[in-house]
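Results of the structural survey
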Amino acid sequence: GENVEQHPSTLSVQEGDSAVIKCTYSDSASNYFPWYKQELGKRPQLIIDIRSNVGEKKDQRIAVTLNKTAKHFSLHITETQPEDSAVYFCAAGNFGNEKLTFGTGTRLTIIP
Amino acid sequence: NAGVTQTPKFQVLKTGQSMTLQCAQDMNHEYMSWYRQDPGMGLRLIHYSVGAGITDQGEVPNGYNVSRSTTEDFPLRLLSAAPSQTSVYFCASRRQGIQAEAFFGQGTRLTVV
């Protein structure tokens, strides 16, 4: 089955700086990669996703990049703000399979 | 908009007890799933269902049963609770197709003593 590794487990950045979270996956058949954000005490929510036919996708201050050859993808948050503090989960899945495999999560703390 | 509703929010069980975590969605989603969230281990899939009458196992199914008699409801049953099942449980639903956004319930914090 798919195995998704996520690094780092914790990350602290100064407000206004950029944050990068990296994930690697094992199954070359995976072709869909979403990112979920979970604020403290709340439910996870989708913030951005990317399909394997695209190398990069942006949505305002967040972007995701995908390197299919190396089987890794990353979340980039620019101009970080206090409300970006949360746990972020990457995930990998296959359009022919309904299962999503999640990474272990990264706790991002924005220092004012 | 109710979305995905889980009950209860908190539960304490004694070892060996059984219970059912309830999950209901009002979005007519075909796909529903249960995850457990443990520190340092992310979200792990327990069971999932692609429609009424159809269920399948995820990564960590042992000790749990599910059924899907209606589109709306997907209860998770703990047969004989063990301390290793202490966790936060999330139910999620989405339309068919892995690219569809998963909507999560608010979670159930379960402690087994």
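Every chain is numbered independently, its residues counted from 1 as its sequence is written. In the order they appear in the text, chains get letters beginning with A and ligands get numbers beginning with 1. For this predicted model, a pLDDT threshold of at least 70 governs which residues receive local features, and a threshold of 80 or more governs which side-chain atom pairs are given and counted, while totals over whole chains, interfaces and linings are taken from all residues. Water and hydrogen atoms play no part in the side-chain values, which are based on all heavy atoms of the structure.

**Remarks on unusual backbone geometry**
All names here are of chain A. Heads up, the condition is: Each helix is a run of H or I in the DSSP string that is no shorter than four residues. Each strand is a run of E no shorter than two, and both are numbered from the N terminus. Accessible area is worked out with a 1.4 Å probe on protein chains only. A residue is then buried under 20% of its type maximum, exposed over 50%, and partly exposed in between.
Cis geometry marks the peptide bond from His-7 to Pro-8; its omega dihedral reads -5 degrees. As for its position among the elements, Pro-8 is in the loop between β1 (4-7) and β2 (10-14). Despite not being glycine, Lys-71 shows a phi value in the positive range, around 55 degrees. Counting through the fold element by element, Lys-71 comes out in the loop between β7 (62-67) and β8 (72-77). Using a relative accessible area of 26% as the deciding quantity, one classes Lys-71 as partly exposed. In this structure, Glu-79 is a non-glycine residue whose phi angle is positive, near 45 degrees. Tracing the sequence through the fold places Glu-79 in the loop between β8 and β9 (86-94). By relative accessible area, which is 53% here, Glu-79 ends up exposed.

**So, the sheet that holds strand β3 (residues 19-25) of chain A**
Residue and element names in this part refer to chain A. The criterion, for reference: One bridge is not enough; two strands pair if DSSP finds at least two bridges between them. To define axes, lines are fitted to C-alpha atoms, for helices over the stretch in contact only, and angles between the resulting N-to-C directions are given on a 0 to 180 degree scale.
Read across the sheet, five strands follow the order β1-β3-β8-β7-β6 without closing on themselves; strand pairing throughout is antiparallel. With partners counted over all chains shown, the strands left at the sheet margins are β1 and β6 (56-59), one partner each. Direction aside, the axes of adjacent strands within the sheet are offset by 15 degrees on average. As defined by bridge partners, β7 adjoins β8 across six bridges and the pair is classed as antiparallel. Following the sheet pairing, Thr-65 is matched in β8 by Ser-74.

**Overview of the environment of A:Leu100**
Short version of the rule: In what follows, residue pairs with any heavy atoms lying within 4.5 Å of each other are defined as contacts.
Of note, A:Leu100 is situated in strand β10 (residues 97-102). With 20 residues separating them along the chain, A:Leu100 and A:Thr80 place their C-alpha atoms 28 Å apart. Apart from residues lying up to four places away in sequence, A:Leu100 is in contact with A:Tyr32, A:Pro34, A:Ala91, A:Ala92, A:Gly93, B:Tyr35 and B:Ile98.

**Let's talk about the interface of chain B and chain A**
Reports of interface size often rely on the accessible area that becomes lost once the parts have come together. Note the cut-off: Accessible area, probed at 1.4 Å, shrinks when two parts are joined; the buried area is that loss added up over both. Any Lys or Arg side-chain nitrogen located within 4 Å of an Asp or Glu carboxyl oxygen qualifies as a salt bridge. Under this definition, polar contacts are N or O atom pairs within 3.5 Å; protein pairs additionally need one hydrogen-donor-capable and one acceptor-capable atom, and for neighbouring residues in sequence, both atoms have to be side-chain atoms. Residue polarity is assigned by list, with Asp, Glu, Lys and Arg as charged and Ala, Val, Leu, Ile, Met, Phe, Trp, Tyr, Cys and Pro as nonpolar; anything else, Gly included, falls into the polar class.
Chain B puts 23 residues into the contact, and the matching count from chain A is 20 residues. Approximately 1,900 Å² of surface area, both sides summed, lies buried where chain B meets chain A, with 58% of it carried by carbon and sulfur atoms. The largest share of the area that chain B buries against chain A comes from B:Ile98, B:Gln99 and B:Phe104, three residues that together contribute 35% of it. Between the two partners, chain B and chain A, sit zero salt bridges. In this structure, the connection of chain B to chain A is made through four residue pairs in polar contact (both at pLDDT 80 or more). Put simply, the parts of the chain that give the side of chain B that touches chain A at least two residues each are β4 (31-38), β5 (42-51) and β9 (87-94) of chain B. Sort the elements by how many residues they give to the side of chain B that touches chain A and β5(B) lands first, with five residues. Of the residues that constitute the side of chain B that touches chain A, the class distribution is twelve nonpolar, nine polar and two charged.

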